[in-house]
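# Secondary and tertiary structure notes
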Amino acid sequence: MTFSKIYNIFKVSIVFGVLCSVMSCTNKTTEESTPESILFSQTIKEDATPAVVSRILKAKDHPISEIKFEKGTYHFYPDKGKESYEYISNHCDLMVKTPFPIEDLKNITIDGQGSTFIFHGVMIPFLIERSTNITVKNITIDWSEPFHSEGLIVANDEKEKTFDMKISKEYPYEIRNGQLHFVKAYYEHGVGQTILYDPERSAIAYNTDAYTSISTRRKASVRNNVDAISYKYINDKRAPEYKYLGNEGKLTVEQLKPGVVRVHGHNKKMPPIGTILTMKGDQGFNRIAPAFRVTHTNGFNGTNVNIHHAGGMGIIAENSSDLILDNFNITPSNGRMVSTTADATHFVGCRGKVVLKNSTFNNQLDDATNVHGTYQKIVDILDDNKLGIRMMHHQQQGFEIGSKNDKIGLVRLEDSFFPYAEVSIKNIEYLNSRYQIITFNESLPKTLKVGDLLENLDAYPDLLVKNCKIGSNRARGLLISNPVKTVIEDNVFNTEMEAILIPVESGHWFESGNAANVTIRNNVFQDCQHGGKNRGVIRFATDDDNEFIAFKNVDIVNNTFNQFDNLILQITNTDGLSFTGNTITNSGTFPMLHAKNPAIKVRSSKNLKFTNNTYKGKAKSILETSGKMPKIEFN
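A short tour of the structure in this document, coming up.

### Observations regarding the environment of Phe579
With respect to the helices and strands, Phe579 occurs in strand β49 (residues 574-580). Taking the C-alpha atoms as reference points, Phe579 and Ile167, 412 residues apart in sequence, are found 48 Å from one another. Apart from the residues within four sequence positions on either side, Phe579 is in contact with Ile556, Phe561, Leu569, Ile584, Lys609, Phe610, Thr611, Asn613 and Phe634.

### Notes on the packing of aromatic side chains
By the definition in use, this model includes 29 aromatic pairs. Here Phe493 and Phe525 contribute two aromatic rings whose centre-to-centre distance is 4.9 Å and whose plane-to-plane angle is 5 degrees, an arrangement assigned as stacked. Linking Phe493 in strand β40 (residues 492-494) with Phe525 in strand β44 (residues 524-526), this pair joins segments that are 32 residues apart in sequence. The class of Phe493 is buried, set by a relative accessible area of 0%. Here Phe525 falls in the buried class, since its relative accessible area comes to 0%. Centre to centre, the rings of Phe610 and Phe634 are 6.0 Å apart; their planes meet at 40 degrees, and the pair counts as tilted.

### Side note on the pattern of salt bridges
Applying the stated rule across the entire model yields 37 salt bridges. A salt bridge links Glu129 to Arg293; its shortest N-O distance comes to 3.2 Å. Separated by 164 residues along the polypeptide, Glu129 in strand β8 (residues 126-129) and Arg293 in strand β22 (residues 292-295) bring together distant segments of the chain. There is no split in this pair, since Glu129 and Arg293 are both buried. A salt bridge links Arg476 to Asp367, with the nearest nitrogen and oxygen atoms 2.7 Å apart. Here Arg476 is found in the loop between β37 (469-471) and β38 (478-480), whereas its partner Asp367 is found in the loop between β28 (360-362) and β29 (369-374), with 109 residues between them in sequence. Arg476 sits in the buried class, given a relative accessible area of 16%. Asp367 sits in the buried class, given a relative accessible area of 1%. Each of Lys60, Glu86, Asp104, Glu129, Arg130, Arg293 and Glu318 takes part in salt bridges that share partners, so that together they form one network.

### A look at the sheet that holds strand β20 (residues 260-264)
Across the sheet, which stays open at both edges, the seven strands sit in the order β16-β15-β21-β10-β11-β20-β19 with antiparallel pairing between neighbours. Because the sheet does not close on itself, it has two edges, and the strands there are β16 (203-204) and β19 (252-257).

### Quick word on the sheet that holds strand β13 (residues 179-184)
Taken in spatial order, the three strands make up an open sheet running β12-β13-β14, and their pairing is antiparallel. With partners counted over all chains shown, the strands left at the sheet margins are β12 (173-176) and β14 (187-189), one partner each. Neighbouring strand axes in the sheet, compared pairwise and without regard to direction, differ in orientation by 30 degrees on average.

### Describing the state of the cysteines
What the rule picks out here adds up to zero disulfides. Looking at Cys468, it has no disulfide partner, and the nearest cysteine sulfur is the one in Cys528, 14 Å off. Residue Cys468 is classed as buried on the basis of its relative accessible area of 1%.

### Notes on unusual backbone geometry
Looking along the chain, the bond that leaves Thr212 and enters Ser213 is cis, with omega of 10 degrees. We note that Asn405 has phi near 75 degrees; this positive angle belongs to a residue other than glycine. Along the chain, the position of Asn405 falls in the loop between β31 (386-391) and β32 (407-411). Of note in the backbone geometry, Asp527 takes a positive phi value of approximately 50 degrees without being a glycine. Along the chain, Asp527 turns up in the loop between β44 and β45 (538-542). Residue classification places Asp527 among the buried positions, given a relative accessible area of 5%.

### So, empty space enclosed by the protein
Left-over empty space is what a probe sized like a water molecule reveals as it rolls over the atoms. One pass over the full model with this rule turns up six cavities of 30 Å³ or more. Here the largest cavity is characterised by a volume of approximately 80 Å³. In this structure, the largest cavity is lined by Cys528, Gln529, Lys533, Asn534, Arg535, Val537, Gln563, Asp565, Asn566, Leu567, His594 and Asn597. When the residues that make up the lining of the largest cavity are grouped by side-chain class, the tally is three nonpolar, six polar and three charged.

### Here we look at the side chain of His148
Residue position: His148 is located in the loop between β9 (132-143) and β10 (149-157). Ignoring any residue separated from it by four or fewer positions in sequence, one finds His148 in contact with Tyr171, Lys184, His189, Thr278, Met279, Lys280, His309, Arg336, Val338 and Thr341.

### So, the side chain of Ser605
You can see Ser605 is positioned in the loop between β51 (600-603) and β52 (606-611). Engagement of the side chain of Ser605 in a polar contact is seen with the backbone nitrogen of Asn573, the distance being 3.3 Å. Once residues lying within four places of it in the same chain are set aside, the contact partners of Ser605 are Ile571, Thr572, Asn573, Thr574, Met629 and Pro630.

Procedures and definitions
- Residues numbered from 1 in each chain as written.
- Predicted model: local features only at pLDDT ≥ 70, side-chain atom pairs only at ≥ 80, totals over all residues.
- Heavy atoms only, no water.
- Helix = DSSP H or I, 4+ residues; strand = E, 2+ residues; numbered from the N terminus.
- Contact = heavy atoms within 4.5 Å.
- Phe/Tyr/Trp six-rings, centres within 6.5 Å; stacked < 30°, edge-to-face > 60°.
- Buried < 20%, exposed > 50% of the residue type's maximum accessible area, 1.4 Å probe, protein only.
- Salt bridge = Lys/Arg side-chain N within 4 Å of Asp/Glu carboxyl O.
- Pairing = 2+ DSSP bridges.
- Axes fitted to C-alpha atoms, helices over the stretch in contact; angles between N-to-C directions.
- Disulfide = S-S within 2.5 Å.
- 1 Å grid on protein atoms, 1.4 Å probe; cavity = no way out; pocket = protein on both sides within 12 Å on 5 of 7 lines; lining within 4 Å.
- Points joined across faces, edges and corners; volume = space filled by probe spheres on them.
- Nonpolar A, V, L, I, M, F, W, Y, C, P; charged D, E, K, R; others polar.
- Polar contact = N/O pair within 3.5 Å; in protein donor to acceptor, adjacent residues only side chain to side chain.

In structure tokens, the structure reads:
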């Protein structure tokens, strides 16, 4: 064979090899870029965490379109979960583990096909971050051991100021130096935050405020030079690291026999026999395991999801858009009084559409939903377009106020509830969880001062709450600070506090947003405010005691209020409210708590109309006004 023939054969071989290599790479790329549908079987049911984590962590190289589970019950333990440190709004900041680390992924559906997922210990079942178009459906979520504990009141003694509790085997406990500690696998808590439940109604007990919270602390009896401690910068004394400063425990507990304890030192009335005291540990330490954490995600759908318990909220969503919860239910299981130990749902700095529909939110230990932004305080003026800002509440640490070109309002609440100027973000330097430096595209106004607040004017949603059942819970139904648009219709409320609270909250939680374009129609309000608070069923409120307008364009139309007590509506700082076609009756379900109240209280408001309403309640006065108010008639 001649050299030229050998060379030609060699040349063809090289070309063929290159082509094969290219084809192989092309086929490999095509194969890897085609999302796969995954089916997990009951073979992993004893601990599904390692198998689920392992596959999800490969999703960037081997994309997933769908994760399905053969119908059944699956257990998830934290020991082999994906670990990360998380700053979570309105929760504790901590290292957590998850079996579903949905991070930087898109177009994935997780379908339980009717399965039940049982979680153990401190976990976040679904951690969804920086993702797009994520759906979770047909799943029931529960915990093997709850993050709260319960005790049945079996005796009380007003003279001796003691009460006895029977504690079932579901809630193991220890008494250490007279202090009661509930012990779980992976977790424990003390008495801490408490409230009474009525087991016959499976709801918060009537007038629980007369008996709870249980008095656990008093001022420290010995303090030496503590007041001499000073701080160069703002100090958040509500943060966990300062929680016990100046306080000592006052509650003592003794065991009468296994499973029955006697409690000494409570200041309020002794809890009634037959009620159930729920306990979830100290505030600042007891929100550690929400069922869903969604952040910086565009497009989340939760459909046919049942959450029976979580050590925090059912879902906490931050800086995300287009979130739809349909048949997304929060209800307790296994005879427990409590579902989630905090809000059922919560949305911070979210935009686009937020929809809650066809859902039940029952027995959670806080609101059914809370929708708001965040106020951040200006602590440094660094340049004509640069500020140093501080997160004010310890449970908002790590929150990012916005993204490039977001519109930011500069707010001075002592002058107005609305921004006095607007600028847009150029970039944010995230130095730590409390302190960030923001550079703006525009020069800042000369009138800006240290102490003023920032809010993101682009980070509020078009909100719909429709056909939901909300009740048997501690606190409010809906807490809404949303200046874009809110529609609340065809719902049923039976809440311990306000059914709907619309606030400007600037002094504690620093939750930003007033409210405008609010429609409340065709709802039923049944015996709300039965916990004992002297407040309206629907209440508008501001932390700042002034006459500035905070709320605009509100329609309350064709609702039914069937209440045992008088006060239906509290209006303050409002411009433009129509209360039309509503029916108010007295249910007689409970004795009145505040019989001297009128049906409606109004302060510092204007352009209000009350027309075509039917009043069959028992208030001696229907409408009461205070401050400088034009004459208003109710009909």
